Amino acid sequence: TIFFNPAGMTQLQAREVSVGVSAISTSFKFSNDGASSVGSFATAGNGGDGGGWGFVPNGYVSWALSKDLYLGLGVGAPFGLKVEYDKSWIGAAQSTSFDIKTYNLNPSIAYRVNDTVSVGFGLNWQRIEAEYLRQAGTTAGTSLVQVKMKLDDDSWGWNAGLLFKLSPATKIGVSYRSEVKYKTKGNVALSSDGSALGNATLAGLVGAGRASDVKAKIDVPDTVVLSGTHQLNDRWELLGDVSWTGWSSIPKVDIFRTSGVLNGQIAQTLDTRFRDTWRFAVGANYRIDDAWKLKLGVAYDQTPVPNAAHRLTSLPDNDRTWLSVGAQWRPNKTSTLDMGLTYLYVKDPKISNDQRADVRGLVSGSYDASIWILGAQYSMAF
């Protein structure tokens, strides 16, 4: 509630605390179909499974200052990514690992205007940390140099929401979360001094085989959500939402050098060409008795990646269908335990990313991709 629509705090009890964690298992297996790399990467294999496990915690607290005025605080991770291939594979000149973490601190306030309308507002302090690894080597040999780029920054955004209680059974919510504009800084480092690259280098990220400080602007997208719930009877509750995300805020990422003899030049451009996306979800809750409730839902979620030519090896993403089941246990009036399991069916992503002009090869083929999410949340009112 605090993260998605702070106005909903007016529907909570006087004081509530909630903590949880999501365990995310991803699988990205590449199949080569015409890839063309250079040097020692040309026959280095398909990279193994680029997926793995990740754990994302969250925590929230809300309390009523009066019957109509609520304060809240949320801690979570709204964006994240982790892809890691074998150190040497046919696409190693483009990436071997990409890891993005965000941390979001979200103080919020909500006010009940009347029995029908509630409003909410929140500030967001958000931090991003990114680490990007790739390999470079000579066009005629087996020498390898690992290139590691690290960037980070923190910035501010905001979110707001409206909640309309149309009847005791029906609620409609509208919420907005702003862009967060980062001016990240960091460095690009090599596993050696770059001399192994010689005169025939896989230039790309390292340019002339040089380490340096770097910077990049990244605008994390804004989001609009329209949601609704309807209590059909004493057993069934229906739910649904439609959300829009402005991923076109990241048409590309230009990473500039800020030190060394190449100061001011572009170290690398991530040519994302991201597009805005829609997500549609419907679900239902079934109350077995006062203690137990079953949950189920399905969603269709568009990818921001526009086509195979602009699909990055570090983001082998595609349109997703979410299939979710879960259960809620309330041992008493003040404690709730929620468990959920989601399978994301990802339509096999095709890739034809041609970076031969930057001497990073052509990665062409497809991925067998899937994602599982297991979540648990404990909430307590007092």
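A quick note: this is a predicted structure, and the numbers were derived from the prediction, not measured.

Rules behind the numbers
- Residue indices begin from 1 for each chain and proceed along its sequence in written order.
- This being a predicted model, a pLDDT of at least 70 is required before a residue's local features are given, and a value of 80 or more before pairs of side-chain atoms are given or counted; all residues contribute to the totals for chains, interfaces and linings.
- Note that the side-chain values use all heavy atoms of the structure and ignore hydrogens as well as water.
- Secondary structure elements are taken from DSSP: a helix is a run of H or I of four residues or more, a strand is a run of E of two residues or more, and numbering for both begins at the N terminus.
- Radius of gyration: C-alpha atoms only; globule rule: 2.2 Å multiplied by the number of residues to the exponent 0.38.
- Contacts are assigned to residue pairs that have any heavy atoms within 4.5 Å of one another.
- With residues, only the protein chains shown are counted as cover, and all accessible areas are computed by Shrake-Rupley using a 1.4 Å probe.
- Basic side-chain nitrogens of Lys or Arg form a salt bridge, by our definition, when they fall within 4 Å of a carboxyl oxygen of Asp or Glu.
- Burial here depends on accessible area, computed with a 1.4 Å probe over protein chains only, as a share of the maximum for the residue type. Under 20% is buried, over 50% is exposed, and the range in between is partly exposed.
- Centres within 6.5 Å are what make two rings of Phe, Tyr or Trp a pair, Trp counting through its six-membered ring; a difference in plane orientation under 30 degrees is then read as stacked, over 60 as edge-to-face, and the rest as tilted.
- Working definition of a nonpolar core: buried Ala, Val, Leu, Ile, Met, Phe, Trp, Tyr and Cys residues. They are joined through side-chain atoms within 4.5 Å.
- Nonpolar side chains (Val, Leu, Ile, Met, Phe, Trp, Tyr) within 5 Å and like charges within 9 Å form the patches, drawn only from residues with over 30% relative accessible area and no salt bridge.
- The charge count treats Lys and Arg as positive and Asp and Glu as negative. His and the chain ends do not count.
- Note that the charge is assigned to NZ on lysines, CZ on arginines, CG on aspartates and CD on glutamates.
- Here, a strand pair is defined by DSSP locating no fewer than two bridges between the strands.
- In protein, a polar contact requires one atom able to donate a hydrogen and another able to accept it; more generally it is a pair of N or O atoms within 3.5 Å, and residues adjacent in sequence count only if both atoms are side-chain atoms.
- Residue-level confidence of the predictor is what pLDDT reports, using numbers from 0 through 100.

Could you clarify how one ought to interpret the overall build of the chain in this entry?
Counting its secondary structure elements, the chain contains zero helices and 20 strands. Here the C-alpha radius of gyration of the chain, 24 Å, is about what a compact globule of 382 residues would show, namely 21 Å. Along the first, second and third principal axes, the C-alpha set of the chain runs to 75 × 40 × 30 Å. Long-range contacts, defined here as pairs at least 24 residues apart, represent 69% of the contacts in the chain between residues at least 6 apart. A total of about 18200 Å² of accessible surface is found on the chain, and carbon and sulfur atoms cover 59% of it.

Just to check I follow, could you spell out the pattern of salt bridges for this structure?
Side-chain pairs of opposite charge can arise whenever the charged atoms involved come near each other. One pass over the structure, following the stated rule, counts 19 salt bridges. Two residues, Arg320 and Asp301, come together in a salt bridge whose shortest N-O distance is 3.1 Å. Remark: Asp301 occurs in strand 16 (residues 292-301) and Arg320 occurs in strand 17 (residues 320-332); sequence separation between them is 19 residues. Grouping residues by exposure puts Arg320 and Asp301 together as buried. Between Arg320 and Asp317 there is a salt bridge, and its shortest N-O distance comes to 2.6 Å. The residues Arg320 and Asp317 share a single accessibility class, namely buried.

Could you clarify how one ought to interpret the packing of aromatic side chains in this entry?
The relation between two aromatic rings is expressed through the spacing of the ring centres and the mutual angle of the planes. Throughout the structure, instances matching the rule amount to 14 aromatic pairs. The interplanar angle of 25° and the centroid separation of 4.2 Å between the aromatic rings of Tyr85 and Trp89 together place this pair among those described as stacked. Note on accessibility: Tyr85 and Trp89 belong to one class, buried. Seen in terms of ring centroids, Trp292 and Trp329 are 6.0 Å apart; in terms of plane orientation they differ by 25°. Their pairing is stacked.

Looking at this structure, I do not really get the nonpolar core. What am I missing?
When a protein is soluble and globular, its nonpolar side chains tend to lie buried together. Ranked by internal contacts, the top residues of the largest apolar core, which has 48 residues, are Phe30, Trp89, Met149, Val214, Val253 and Tyr367. Top contributing element to this core by residue count: strand 20 (residues 362-381), with five residues.

Hey, could you run me through a positive patch on the surface in this one?
Taken together, the side chains of Lys183, Lys185, Lys215 and Lys217 present a region of like positive charge at the surface. Counting residues per element, the ones that place at least two in the positive patch are strand 9 (180-190) and strand 10 (212-220). Structurally, Lys183 is set in strand 9. Relative accessible area serves as the criterion here: at 59%, Lys183 is assigned to the exposed category.

For this particular structure, what's the right way to read the pairing of strand 16?
Both faces of the sheet carry side chains from a regular strand, because those side chains alternate between them. Note that strand 15 (residues 277-287) and strand 16 share nine bridges and pair antiparallel. Bridge assignment links Tyr286 to a residue of strand 16, and that residue is Leu294. Connecting strand 15 to the antiparallel partner strand 16 that follows it, the hairpin turn spans four residues. Across ten bridges, strand 16 lies against strand 17 in antiparallel orientation. Within strand 17, the position partnered with Asp301 by the bridge is Arg320.

Looking at this structure, I do not really get the environment of Leu262. What am I missing?
Relative to the elements of secondary structure, Leu262 occurs in the loop between strand 13 (253-257) and strand 14 (266-270). By relative accessible area, which is 17% here, Leu262 ends up buried. Note: C-alpha distance between Leu262 and Ala211 (51 residues apart in sequence) is 9.6 Å.

Is there a simple way to think about the side chain of Gln268 in this case?
One can find Gln268 in strand 14. Side chain to side chain, Gln268 and Tyr132 meet in a polar contact 3.4 Å long.

Help me understand the environment of Glu179, please; the structure alone is not making it clear to me.
Checked against the element boundaries, Glu179 lands in the loop between strand 8 (170-177) and strand 9. We classify Glu179 as partly exposed; its relative accessible area is 25%. Ignoring anything within four residues of it in the chain, the contact list for Glu179 reads Trp156, Gly157, Asp219, Val220, Pro221, Asp222 and Ser249. Here the side chain of Glu179 touches Lys181 through a polar contact of 3.0 Å, side chain to side chain.

Please explain the confidence of the model for the chain as it appears in this structure.
Low-confidence regions, as indicated by low pLDDT, have predicted coordinates that should not be scrutinised in detail. Mean pLDDT for the chain: 91, with 92% of residues reaching 70 or above. Below a pLDDT of 50 lies the segment residues 193-208, which in the model reaches 45 contacts outside its immediate sequence neighbourhood of four places, other chains included.

What should I look at first to understand the side chain of Ser178 in this one?
Considering the arrangement of structural elements, one finds Ser178 in the loop between strand 8 and strand 9. Among the polar contacts listed, one links the side chain of Ser178 to the backbone nitrogen of Trp158, at a separation of 2.9 Å. Those residues in contact with Ser178 that lie beyond four places of it in its chain are Gly157, Trp158, Pro221 and Asp222.

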